[in-house]
Amino acid sequence: MNLIIIIVLSLIMVVMAVTAIIHKKLAVAVIATGVVSLMASVMYLLMAAPDVAMTEAAIGSGLSTIIFFYVLNKIRKAK
Amino acid sequence: MIRNFFIIAIVAGLAAIFVTLFWNFGDSTTLTPLATHYADKGAAEVGAPNLVTSIVVTYRGFDTLGEVTILFLVASIVSFFLKREKLQKDIELKRETSEIILTASKLLVPIVMVLGVYVFINGHLTPGGGFQGGAIIATAFVLLLMANPDFKINHRIISIVESVSGISFVLVGVFGILLAGGFLDNKVLPLGTFGKIFSAGAIPLIYSFVGLKVGSELSNILSNFQGIQKEEM
Amino acid sequence: MKIKSLIISIITLFVIWVLLNMKLSTEVLISGAVVSVLVGLIFCYTCGIFDDLKLNPKAIGYWFLYIFVFIGELVKSNFDVARRVVSPKLPINPGFVEVKTKLKSKLGRMILTNSITLTPGTLTVELKDDTIFIHWIDVKGENMEEHTNAIVSKFEKYLEVIYG
Amino acid sequence: MEIIALITGFSLILIGLYGILSKRNIIKIIVGFSLFDTGLHVLIVTVGYIKGGTAPILDSVVGTTDVASKIVDPVPQALVLTAIVIGLGVTALMLAYALKMYQAKKSLDISDFKDMKW
Amino acid sequence: MEIIKIIGALITLLGSVFLLLGSIGLIRMPDVFTRIQTGTKASTLGTLLSLLGIGIIYFDIAGKIFLLIVFILITNPVSSHMLARAAHYIGVKKADVTVVDELEDFENEKLNNKTKISE
Amino acid sequence: MANIILQIAGGIMLLSIVLSTFRFFKAGSLVDRVVAFDVMTVASISLIALISHFAGRTIYIDVAIIYGLLSFLGVIIIARYLEKSL
């Protein structure tokens, strides 16, 4: 079961990472990075590292996203 | 053209290194000697059930100190860069906040705070610790900012909390030199019963200081990024 | 009124702390008391969120009734939406409708709108004073009174007793 | 299971590196850096994994005797724990630089900043 | 003892079926608002049921599971409300089958009033 | 017996995560992607609970609590960004 979960998670992570690099819209790239962070957190839990999973959950969900979106908002306003 | 070629060459070179690393990768079935020592003696020496916590706080306490220092430097450089030069009066009409998120933030901010405190006080029993707790406390400020975009985080209080917790963290470390084995030794306080909240010596105290410091530094970074939204570009 | 709201929030935070720790030893209780009083004083001194909560026996009885009604509605409407999703013709008839509420307290309104949002088929889009705009997946009825009767009234009659 | 996590970490690092080198938008470069960071963390955690091991927290499941044969390596986890927080700090610093650069030249294209190029 | 475990597992299975229905609705529905309806709501009930099943199997963590359920019940509707509000404000395209939009009339009226005052 | 049923449930949860990934790529607007992100988050909370059962460590539920309380913030931030009032 763990094997199936980890295969699906890593497929989604790689596809989302490629999307984050090649997509033209910056907001989509940031959301895709958020999905990579989410899946990485579940993956750390499978690798028996709950401390790391908790850190990634607390930082990847709120703080990282809001800093990126503050910058995007500022750039959009100046245009 | 030549640029693309170089990029592909660099990425392919790194991929080749990775492939050789990958072929030599064997499944590890036993711990390294260092980790074996931590696993067997850690519970008796430090008294914390969470071995990751005992490594972060005691065995590698200097790493933690250095990291907190790096975070402090990052916070100061960000606030130096994003210093507000000219205050622009806010003329554009923002959309007023929904009443639901206002009420929900009033309800949720104390709960998130209690969760953060739980995470860093119970850092030696359950997964979690000062860094996670600090990140959760900063997230409570994100919630306040979402409910009221013009909310001002009080810089005085933040800097007082930050410096007091930083000084106390170093002081506990120095007490470790005077009273116990070395810098940041947790045996300045009695070890207590294994598995209780007030046990493992000074670990809950140290992690509380680390959590408050990390939380105030991250909130400081956030408030700088928020403050520049008003300024004219 | 400020004192009542503060005391209720401190008790709530204390209960949350005990539930998180999952044990009832003395040190958990002591640390919980300290933490909940501190956090409550700093962050909930002026918020006044529990001001309108009524604490008489009738209101507490209605709390339990409300929870049962809510769970029943949740399950019923979930099966309804599940039927719509799997049926091949996709029988939907969506629209934005306007309804009125009689509730005055803020927490009561938030619980009402959350209940409306959580029962699938209806989704709160905007809340202005006593007017709620709802996206409804299957619009029935013609005017505002019929919409209000169909969506709001089943929750409102319980919340009115609890929050006044 | 470790092998798949290892491949994921490697491919995230390669994708992030490709993004850093090939993209011209500064925000895209920072996104690539963030992906690189995540891949590196996955890699380090995977190196510390022991087959059939459980989390290094001693409670009623693990017990306090003969711990070393049951748990995974706690040292890489402790290192990654601090690295994630530092990663957020570095990202915030880079974004602050990016804002200042945008303020100076009104452009996010990296090839517009040639003043110090030799 | 085994019976309780099987009951919990069945409840979890029911929850996962609701999650699946939610994501099928996410794919099949025609516009953003109906997707928010079927997607986030059905998946909320699905998560609640799966957590309930796990809480029945491991009774010693029932307190934490209860807290988690309460948190999800508070936070999830707030986020879908904010998303729907933003989507309506920026004028996301609505499905052709939408029968009535009283909110749009309301917003237009408010906009007219505002311009009148400013003139 | 109970274990087999839970494994089937885990498979169905993974399927729903994969389906919402499809919606992420075949999206008409940014809001569609955010809805898909929301469904993925909610599904992974229950996946975390299942993983804690398979690993036999109930202590992993703490991670699920952090997720359940904090993950909605990402959606709210994007919503505020969309309505231009960040």
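Residues numbered from 1 in each chain as written. Chains lettered and ligands numbered in written order. Predicted model: local features only at pLDDT ≥ 70, side-chain atom pairs only at ≥ 80, totals over all residues. Heavy atoms only, no water.

### Some points on the overall build of chain B
Across its full length, chain B carries eight helices and zero strands. Element order for chain B, N to C, with α for helix and β for strand: α-α-α-α-α-α-α-α. Relative to its length of 233 residues, chain B is extended, with a C-alpha radius of gyration of 23 Å against a globular reference of 17 Å. Its C-alpha atoms give chain B principal-axis dimensions of roughly 65 × 60 × 35 Å. Within chain B, the fraction of its 233 residues that count as buried is 55%. Separation between the mean location of the 16 positive side-chain charges and that of the 16 negative ones in chain B comes to 4 Å. (Helix = DSSP H or I, 4+ residues; strand = E, 2+ residues; numbered from the N terminus. Rg over C-alpha atoms; globule rule 2.2 N^0.38 Å. Buried < 20%, exposed > 50% of the residue type's maximum accessible area, 1.4 Å probe, protein only. Lys, Arg positive; Asp, Glu negative; His and termini not counted. Charge placed at Lys NZ, Arg CZ, Asp CG, Glu CD.)

### A closer look at the packing of aromatic side chains
Two numbers describe a pair of aromatic rings. These are the distance of the centres and the angle of the planes. Using the criterion set out here, one finds 14 aromatic pairs over all chains in the structure. A ring pair is formed by Y62(C) and Y158(C), whose centres lie 5.9 Å apart and whose planes are at 50°; its orientation type is tilted. Of this pair, Y62(C) sits in helix α3 (residues 57-86) while Y158(C) sits in helix α6 (residues 153-163), placing them 96 residues apart in sequence. For Y62(C), a relative accessible area of 25% gives the class partly exposed. Measuring from centroid to centroid gives 5.1 Å for F96(C) and F33(E), while their planes differ by 85°, and the two rings are edge-to-face. Here F96(C) is found in strand β1 (residues 95-100), whereas its partner F33(E) is found in helix α2 (residues 32-57) on a different chain. Residue classification places F96(C) among the buried residues on the basis of a relative accessible area of 0%. Residue classification places F33(E) among the buried residues on the basis of a relative accessible area of 1%. Over the aromatic face of Y81(F) sits the side chain of R76(A), whose NZ or CZ is 4.2 Å from the ring centroid. One cation-aromatic arrangement involves R33(F) over F24(F); the distance from NZ or CZ to the ring centre is 5.8 Å. (Phe/Tyr/Trp six-rings, centres within 6.5 Å; stacked < 30°, edge-to-face > 60°. Lys NZ or Arg CZ within 6 Å of the ring centre and 35° of its normal.)

### Quick word on the arrangement of the chains
Across the gap from chain A to chain C, with no contact made, the nearest C-alpha atoms are 16 Å apart. Chain D shows no contact with chain E. Their nearest C-alpha atoms sit 12 Å apart. (Contact = heavy atoms within 4.5 Å.)

### Some words on the interface of chain B and chain C
Between chain B and chain C, the contact holds 22 residues from the first and 26 residues from the second. Three residues stand out in chain B for area buried against chain C, namely E99(B), I100(B) and V114(B), and they jointly supply 26% of the buried area on that side. The tally of links between chain B and chain C comes to one salt bridge. Put simply, E99(B) and R109(C) hold a salt bridge, and the shortest N to O gap is 3.1 Å. If you look at where chain B meets chain C, you find three residue pairs in polar contact (both at pLDDT 80 or more). Its residues assigned to classes, the side of chain B that touches chain C comprises 14 nonpolar, three polar and five charged. (Buried area = accessible area lost by both parts, 1.4 Å probe. Salt bridge = Lys/Arg side-chain N within 4 Å of Asp/Glu carboxyl O. Polar contact = N/O pair within 3.5 Å; in protein donor to acceptor, adjacent residues only side chain to side chain. Nonpolar A, V, L, I, M, F, W, Y, C, P; charged D, E, K, R; others polar.)

### Comments concerning the interface of chain F and chain E
Contact with chain F, which involves 43 residues of that partner, is made by 47 residues of chain E. Between chain F and chain E, a total of about 4100 Å² is buried, with carbon and sulfur atoms accounting for 79% of that surface. Summed over the shared surface of chain F and chain E, the result is three salt bridges. For the salt bridge of R85(E) with E83(F), the shortest nitrogen-to-oxygen distance reads 3.6 Å. Applying the counting rule to chain F against chain E returns six residue pairs in polar contact (both at pLDDT 80 or more). Of the residues forming the side of chain F that touches chain E, the biggest block, 14 residues, is contributed by helix α2 (residues 30-55) of chain F. Looking at side-chain class alone, the side of chain F that touches chain E contains 30 nonpolar, seven polar and six charged residues.

### A word on the pattern of salt bridges
Counted according to the given criterion, the structure contains twelve salt bridges over all chains. Measuring nitrogen to oxygen at the nearest pair gives 2.9 Å for the salt bridge that ties D62(F) to K64(E). With D62(F) in helix α3 (residues 61-70) and K64(E) in helix α3 (residues 62-89), this residue pair bridges two chains. Exposure class is identical for D62(F) and K64(E). Each is buried. Two residues, R80(F) and E83(F), come together in a salt bridge whose shortest N-O distance is 3.8 Å. Judged by relative accessible area, R80(F) falls into the buried class, the value being 1%. What emerges from the salt-bridge pattern is a single network uniting E126(C), R85(E), R80(F) and E83(F).

### So, the sheet that holds strand β2 (residues 122-128) of chain C
Residues and elements named next belong to chain C. Read from one edge of the open sheet, three strands run β1-β3-β2, paired in antiparallel fashion. Of all strands in the sheet, those with a lone pairing partner are β1 and β2, marking the two edges. Each neighbouring strand pair of the sheet contributes to a mean axis angle of 25°, computed without reference to strand direction. Bridge count for β1 against strand β3 (residues 131-136) is six bridges, and the pairing is antiparallel. Across the sheet, the residue bridging to V99 is I132, located in β3. (Pairing = 2+ DSSP bridges. Axes fitted to C-alpha atoms, helices over the stretch in contact; angles between N-to-C directions.)

### Overview of helix α1 (residues 2-22) of chain D
For α1(D), which comprises 21 residues, the first-to-last C-alpha distance of 30 Å matches the rise-based estimate of 30 Å (1.5 Å per residue) to within 8%. The buried count for α1(D) comes to 15 of 21 residues, which makes it a mostly enclosed element. (Expected span 1.5 Å × (residues − 1).)

### Here we look at the nonpolar core
A general tendency of soluble globular proteins is for nonpolar side chains to be buried together. Residues M39(A), L63(A), I67(A), F69(A), I221(B) and F225(B) are the most contacted members of the largest nonpolar core, which totals 259 residues. By size, the runner-up hydrophobic cluster in this structure holds nine residues, among which are V11(B), F10(D), L17(D) and L43(D). (Core = buried A, V, L, I, M, F, W, Y, C linked by side-chain atoms within 4.5 Å.)

### Considering helix α8 (residues 203-227) of chain B
Here α8(B) contains 25 residues, and its C-alpha end-to-end distance of 36 Å stays within 8% of the 36 Å for a straight helix at 1.5 Å per residue. The element α8(B) is largely enclosed, with a buried count of 23 among its 25 residues.

### Comments concerning the pairing of β3(C)
Residue and element names in this part refer to chain C. Most of β3 is tucked away, with six of its six residues classed as buried. The sheet contact formed by β2 and β3 spans six bridges and is antiparallel. In the strand pairing of β3, L123 is matched with H135. Between β2 and β3, which follow one another and run antiparallel, lie two residues, and D129 among them has a positive phi close to 50°.

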